[in-house]
Amino acid sequence: MIKEIGHASFMRRIAINVGAGYVPGLNAVIKGAALSADQMGWQIVGIRDGFDGLLHPERYPDGGLVTLSPELIENLDPSGGGFLGQSGRVDPFHVRRVNEDEMVEEVDMSDELLAAFRREQLGALISVVGGRGLSILYKLHRKGLHTVCVPRSIENDIAATAVSFGFNSALSFTIEMLDRARQAAQAARKIGVVEVLGGESGWVALQAAIAVCADAVLIPEIPCDLKLVASRLKDKVSLRRPYGLVVVAEGARFLDAAKAQVKPSSLKASLSPLATGDASDHVIQRSGQAAETVANGLQLLLAQETYPLVLGPWVRGGTPTAVDRQLGLGYGAGAVRALKAGKSGTMVAFVPPDMKFVPLADAINKVRTVPADSEFMQIASSLGICLGKEM
Amino acid sequence: MSSPVNPSAPTGIVLNIQRYCSHDGPGIRTTVFLKGCSLRCKWCANPESIAPKPELSYDSKKCTGKEECGVCLKPPFPEGAFFVPDGADDDKVKVNWHLAADCDEKLASLCPTGALEMFGKRMTVDEVLDEVEKDSSFYRNSGGGMTLSGGECLLQPDFSAALLEGAHKRGFNTAIETACNVPWRFVEKVLPHVDTMLHDHKMTIPERHKKWVGVDNKRILENFKKAYETFPDVDFIARTPLIPGINADEEHIRAVLAFIRPHKNVIDYELLPYHRFGLGKYELLGEVYELDDYKTPSDDLVKHLQAIIDEAFGRTPAATTGEATQPA
């Protein structure tokens, strides 16, 4: 449901906020939106720490809103991040607080939030959010909030947009680290198994593996056969090339899951609901588990020594690349354009060569996975990179 | 000293009634878990007990999928609350917890396979007591009875008081498990009907208590002290959920002992070694378990700390650690 919010004069004052978690390029989005709003003659304010600046202005000595004046924006470094701050929980429907009886509770403050928008005469909100945030904003939109969302996913797994800002920075850094991992594996004459971002989609793993010409890449979209991977590694690893590099997305899956799983430790066994003694699918998959599973599995099948490495949170920081700066500025400006066009309840989507506005209802509950017929899959195959199954 | 029970609150939100419990007070007991908690312990093993109202849960193992069923994908279920992802291996439903949170018992009951269920239901005092009474012969032979647990059973003071008073009238021993982070007027209403109070000393240092539990422990300790002094006939048993890196150290154990030992009606201090059985329940509720990286305490550590307690209580060291019942 897209709400037409009418004439642009309604929108003299708008707000922007940022959901939980850092992604390179956040400041570029803010700058893009602010410059674009200024061109329109609109005033734009930033809400500190998600919605906290509006819901709890008393917590901020200089108020919970920051007027993004042209002077301030002029000096805002698009390579930086965290200018508006972030909140760990950006969900006005479940705000945790300590009540007057000193008891902890979660309360629905969505009505107070909408009232605060009216009180501050904010006509609409640009919200820079990830997958969970899109659902929250969709719910707020259904309650009457005029909003346009900017998708933010370092793993590039938000459906409807071809590239999220931040992804290119993560990919670039992952490639740099994989190059180092390869050199280390070469020097140690071992097979390095490197876990990279990608719980539900394999874009980072696949594109990074192509860039470094890894021996194998295992992504969530293709349940992998470790025996096949081992067989391909045997073909490639030799006395003259006594090392290997396997890239594993953290959500990689295995054809023979029971055998491929790391044998549960007594601790892991205790994670099982109802204490059945077996680790179950309710166990939270922790960072490093995919690399450990693959390294241990290959260890049994190969003569060479394997070892796991985990990039994990290292990738979730840093300065944005040139691509992400441009994308961030473009997304920010696109969001203002959407509001000007009266397209509330949408998400800005980059569908090359255009920026489009997709209804939030069509953007939620979907994950952008790597299609089986993706060009990237074919490139990987052409380069001799094993994808974990016969292609 | 007995407080009148509010007759206008004859019902409460019950999470579960568990029979044949042996660690929640003397003898064989039936433990009644009430919903609602005033703390947010990061190690909580019963996340389904936290919200003070019935809430939706989803068990994917029971879902038969879109083709065979698909009931929740259509009205009256909220748009977008349930969905089948593109490219999934099967057509089982997934839950968007942000949009499904408002689903009530009526909606959940439409799920023909029982994959959607509500944690918790409203019950009357008599309904609960009739269930508890089924094991009355065990109570008589073992000295057991009924224990109220949670959540925080003191958050429903009128209902709890009515249940406990009713249990006494039926001849059952009564006990409660509480963290006592409630106003004193709640404690005062319930304790006259209690034979044994099992109470948590989670952390000694107020700042640490706030960090891990959500509030500091000033009011809690005040309530404990006042309870020890106001209700001399109640047996108090102190407890600590033992978590390495958080409170599994001598400093905490000795601080608790210093707090409780001056009070003769605090008859024991039990250690509850941290386990993670509750972790799977977080997924059923769409929650994130915040204490994922912490480990269970080693046997040696538990024995060492238990020995300190045994020495303080003047008894021979023995492996007497507690093991509180969790709702199934």
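Only a predicted model underlies this, so the values are computations on that prediction, with no experimental measurement involved. (Residues numbered from 1 in each chain as written. Chains lettered and ligands numbered in written order. Predicted model: local features only at pLDDT ≥ 70, side-chain atom pairs only at ≥ 80, totals over all residues.)

Considerations on the sheet that holds strand E2 (residues 13-18) of chain A
Residue and element names in this part refer to chain A. Here 7 strands make up an open sheet; going across it, the order is E4-E3-E2-E7-E8-E14-E15 and the pairing mixed. Both edges of this open sheet fall to strand E4 (65-67) and strand E15 (354-359), since each of them pairs with a single strand only. Strand-to-strand, the axes of this sheet are offset by a mean angle of 30°, without reference to chain direction. (Pairing = 2+ DSSP bridges. Helix = DSSP H or I, 4+ residues; strand = E, 2+ residues; numbered from the N terminus. Axes fitted to C-alpha atoms, helices over the stretch in contact; angles between N-to-C directions.)

A few points about the nonpolar core
Counting residues in each nonpolar core, the largest one holds 117 residues, and the members touching the most others are Ala33, Ala205, Val217, Val247 and Val248 of chain A. Here this core gets 8 residues from one element, more than from any other, and that element is helix H12 (residues 322-340) of chain A. In terms of domain composition, this core takes at least three residues from each of domain 1 (3-165 + 320-352) and domain 2 (170-316 + 372-382) of chain A. Beyond its immediate sequence surroundings of up to four residues, Val248 of chain A is in contact with Val193, Val194, Glu195, Ala205, Leu218, Ala290, Ala291 and Val294 of chain A. Counting 68 residues, the second-largest nonpolar core is a separate cluster that includes Val14, Val125, Val182 and Ile253 of chain B. (Core = buried A, V, L, I, M, F, W, Y, C linked by C-beta atoms within 7 Å. Buried ≥ 20, exposed ≤ 12 C-beta atoms within 10 Å, placed from the backbone. Domains from an automatic or database assignment. Contact = placed C-beta atoms within 7 Å.)

Looking at the domain arrangement of chain A
In terms of domains, chain A is made up of domain 1 (3-165 + 320-352) and domain 2 (170-316 + 372-382). Taken residue by residue, the interface counts 6 residues in domain 1 of chain A and 9 residues in domain 2 of chain A.

Observations concerning the domain arrangement of chain B
All names here are of chain B. Domain boundaries assigned for chain B yield domain 1 (11-52 + 121-312) and domain 2 (55-119). The distance between the C-alpha centroids of domain 1 and domain 2 comes to 34 Å. At the interface, 7 residues of domain 1 touch 8 residues of domain 2. Of the residues in the side of domain 1 that touches domain 2, the class split is 4 nonpolar, 1 polar and 2 charged. (Nonpolar A, V, L, I, M, F, W, Y, C, P; charged D, E, K, R; others polar.)

Re the environment of Gly145 of chain B
All names here are of chain B. Mapped onto the elements, Gly145 comes out in strand E8 (residues 145-149). For Gly145 and Leu107, which are 38 residues apart along the polypeptide, the C-alpha to C-alpha distance reads 36 Å. With sequence-adjacent residues up to four places away left out, Gly145 is seen in contact with Gly27, Arg29, Tyr139, Ala167, Phe172, Asn173, Thr174 and Ala175.

Details of the confidence of the model for chain B
Residues and elements named next belong to chain B. Scored by pLDDT, chain B comes out at a mean of 88, with 87% of its residues at no less than 70. Across residues 1-5 the pLDDT falls below 50, and counting only partners more than four positions away or on other chains, this stretch makes 10 contacts in the model. Under the prediction, the complex receives an ipTM of 0.83, its pTM being 0.84. (pLDDT = per-residue confidence, 0-100.)

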